[in-house]
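So the chains spell out like this:
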Amino acid sequence: MAERIGFEGDLEPDEHYEGLRFAEATFGDAAAGGCHFLDCEFAGGSFGAGRLRKSRFTDVGMVQVRFVATDLAETGWQDTTLTGCALAGVQAFSAALRRVTFRGAKLDSVNFRSAAFTEVAFEDCVLRDVDFGGATLQKVSFAGCTLADVDFTNVSCTKVDLRGASLGITAGYGSLSGATIDSVQLVALAPYLARHLGLVVAD
């Protein structure tokens with residue numbers, strides 16, 4: 001694999017960035033919608049209140065990158081790994097993610113409504129106040145993750161694996177059909193599932 005070239009300067013909208021390394025780059029309020037990042041590496045750095053709507057990330061590696069109040073709506077992600085990254089107050093609705101791995105990441109107040117996830121793995125992540133409402137999840141796993149105040153309302157699940165995760169789900173229990181959970185999770189979810197189904201439990 002060819003050595004990536006260090007990038008300096010500002011991002012521009014609708015640009016094609018290939019084979020570049022973004023080291024500790026800080027993009028505050030960047031207007032870079034419609035870009036394509038191909039075979040790029042992001043090491044450290046941050047996006048603050050940036051606008052990357054409809055951008056694409058293909059064969060990209062991100063390590064310790066922060067996204068704060070960033071517009072990632074309608075973005076496309078493929079063959080990308082995000083390690084130790086933090087996403088806070090991010091708009092990622094209608095995004096499309098395929099063969100993407102979040103590893104040791106923290107997601108806080110992220111809007112994934114109507115997004116499409118295919119072969120996506122969340123590994124040892126913390127997801128707090130994350131909204132998956134209306135999203136499509138196919139072959140998605142959450143091994144070792146902590147979910148807190150996560151919304152699965154109207155989610156479509158196909159081969160979703162929730163085993164090994166701490167499930168703090170606030171809404172959308174009825175949309176978990178097609179997901180796999182373990183026996184410990186079933187016991188924890190039983191009261192909420194009973195309430196959703198209108199069951200009265202009485203001894």
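Just so it is clear, the model here is predicted, and its values are computed rather than measured.

Caption draft 1: Main features of the environment of Asp129. Tracing the chain through its elements places Asp129 in the loop between β16 (126–128) and β17 (136–141). Taking relative accessible area as the criterion, Asp129 reaches 42% and is therefore assigned partly exposed. Placed 41 residues apart in sequence, Asp129 and Ala88 show a C-alpha to C-alpha distance of 9.9 Å. Leave out the neighbours within four places in its chain, and Asp129 touches Asp108, Ser109, Val110, Ala148 and Asp149.

Caption draft 2: Geometry of the pattern of salt bridges. Scanning all chains against the criterion turns up 10 salt bridges. Taking the shortest distance from any N to any O, the salt bridge between Asp29 and Arg51 comes out at 3.0 Å. A residue pair is termed long-range when its members are at least 10 positions apart, and Asp29 in the loop between β4 (26–28) and β5 (36–38) and Arg51 in the loop between β7 (46–48) and β8 (56–58) qualify at 22 residues. For Asp29, a relative accessible area of 47% corresponds to the partly exposed category. The class for Arg51 is partly exposed, based on a relative accessible area of 40%. For Arg103, the salt bridge goes to Glu123, with nearest N and O atoms at 2.9 Å. One end of the pair, Arg103, is in strand β13 (residues 96–103); the other, Glu123, is in strand β15 (residues 116–123), with 20 residues separating them in the sequence.

Caption draft 3: View of the sheet that holds strand β18 (residues 146–151). With parallel pairing, 8 strands are arranged side by side in an open sheet as β4-β7-β10-β12-β14-β16-β18-β21. Of all the strands in the sheet, just β4 and β21 (166–171) have a single pairing partner and so form its edges. Across the sheet, the axes of successive neighbouring strands diverge by a mean angle of 5°, strand direction being ignored. The pairing of β18 with β21 spans 4 bridges and is classified as parallel. Opposite Val150, over in β21, you have Ile169 as the bridge partner.

Caption draft 4: Fine view of the environment of Ala143. Note on placement: Ala143 falls in the loop between β17 and β18. Residue Ala143 is classed as partly exposed on the basis of its relative accessible area of 40%. Sequence spacing of Ala143 and Glu123 is 20 residues, and the spatial spacing of their C-alpha atoms is 5.2 Å. Apart from the residues lying within four places of it in its own chain, the contact partners of Ala143 are Phe122, Glu123, Asp124, Arg163 and Gly164.

Caption draft 5: Representation of empty space enclosed by the protein within the structure. Scanning all chains against the criterion turns up 1 cavity of 30 Å³ or more. Empty space within the largest cavity amounts to approximately 70 Å³. Those elements that place two or more of their residues in the lining of the largest cavity are β11 (76–83) and β13. Partitioning the lining of the largest cavity into residue classes produces 9 nonpolar, 1 polar and no charged.

Caption draft 6: Structural detail: the pairing of strand β3 (residues 20–23). Where burial is concerned, the two faces of β3 differ: the one with Leu20 and Phe22 is buried and the one with Arg21 and Ala23 is not. With 2 bridges connecting them, strand β1 (residues 5–6) and β3 associate as parallel partners. Following the sheet pairing, Ile5 is matched in β3 by Leu20. Bridging between β3 and strand β6 (residues 41–43) involves 3 bridges; their strand directions are parallel. Within β6, the position partnered with Phe22 by the bridge is Phe42.

Caption draft 7: Fine view of the environment of Val155. By the secondary structure assignment, Val155 is in the loop between β18 and β19 (156–158). Put simply, Val155 and Leu176 are 21 residues apart on the chain and 7.4 Å apart in space, counted from C-alpha to C-alpha. Residues within four places of Val155 in sequence aside, it is in contact with Phe132, Gly133, Gly134, Ala135, Leu137 and Ser175.

Caption draft 8: The packing of aromatic side chains, seen in detail. Scanning the entire structure with this criterion turns up 24 aromatic pairs. Look at Tyr17 and Phe37: their rings are 5.2 Å apart centre to centre, the planes differ by 15°, and that puts the pair in the stacked class. In this pair, Tyr17 is assigned in strand β2 (residues 16–18) and Phe37 in strand β5, connecting sequence segments 20 residues apart. Judged by relative accessible area, Tyr17 falls into the buried class, the value being 7%. When the ring of Phe102 is compared with that of Phe122, the centres are 4.8 Å apart and the planes differ by 5°; the resulting orientation is stacked. With a gap of 20 residues between them, Phe102 in strand β13 and Phe122 in strand β15 connect regions that are remote in the sequence.

Calculation rules
Every residue gets a number counted from 1 within its own chain, in the order that chain's sequence is written. Given that this is a predicted model, residues contribute local features only at a pLDDT of at least 70 and side-chain atom pairs are listed and counted only at 80 or more, while totals for whole chains, interfaces and linings are drawn from all residues. Side-chain figures throughout are based on the complete set of non-hydrogen atoms in the structure, without hydrogens or water. Put simply, DSSP H or I for four residues or longer makes a helix, DSSP E for two residues or longer makes a strand, and each gets a number counted from the N terminus. Only protein chains enter the area calculation, which uses a 1.4 Å probe; residues under 20% of their type maximum are buried, those over 50% are exposed, and those in between are partly exposed. Two residues form a contact once any of their heavy atoms are found within 4.5 Å. In the sections that follow, a salt bridge refers to a side-chain nitrogen of Lys or Arg positioned within 4 Å of a carboxyl oxygen of Asp or Glu. For two strands to pair, DSSP has to find at least two bridges joining them. An axis is simply a line fitted to the C-alpha atoms; with a helix, the fit covers only the stretch in contact. Between two such axes, the angle follows the N-to-C directions and lies from 0 to 180 degrees. Here a cavity means grid points, on a 1 Å grid over the protein atoms only, where a 1.4 Å probe fits yet cannot get out; a pocket means an open set of points with protein on both sides within 12 Å along at least five of seven lines; lining residues are those with an atom within 4 Å of a point. Grid points are joined across faces, edges and corners, and a volume is the space filled by probe spheres set on the points. Three classes are used, and their members are as follows: Ala, Val, Leu, Ile, Met, Phe, Trp, Tyr, Cys and Pro are nonpolar, Asp, Glu, Lys and Arg are charged, and the others, Gly among them, are polar. Two rings from Phe, Tyr or Trp (for Trp, the six-membered ring) form a pair when their centres sit within 6.5 Å of each other. Planes less than 30 degrees apart are called stacked, planes more than 60 degrees apart edge-to-face, and all others tilted.

In short, geometric facts, not functional conclusions.
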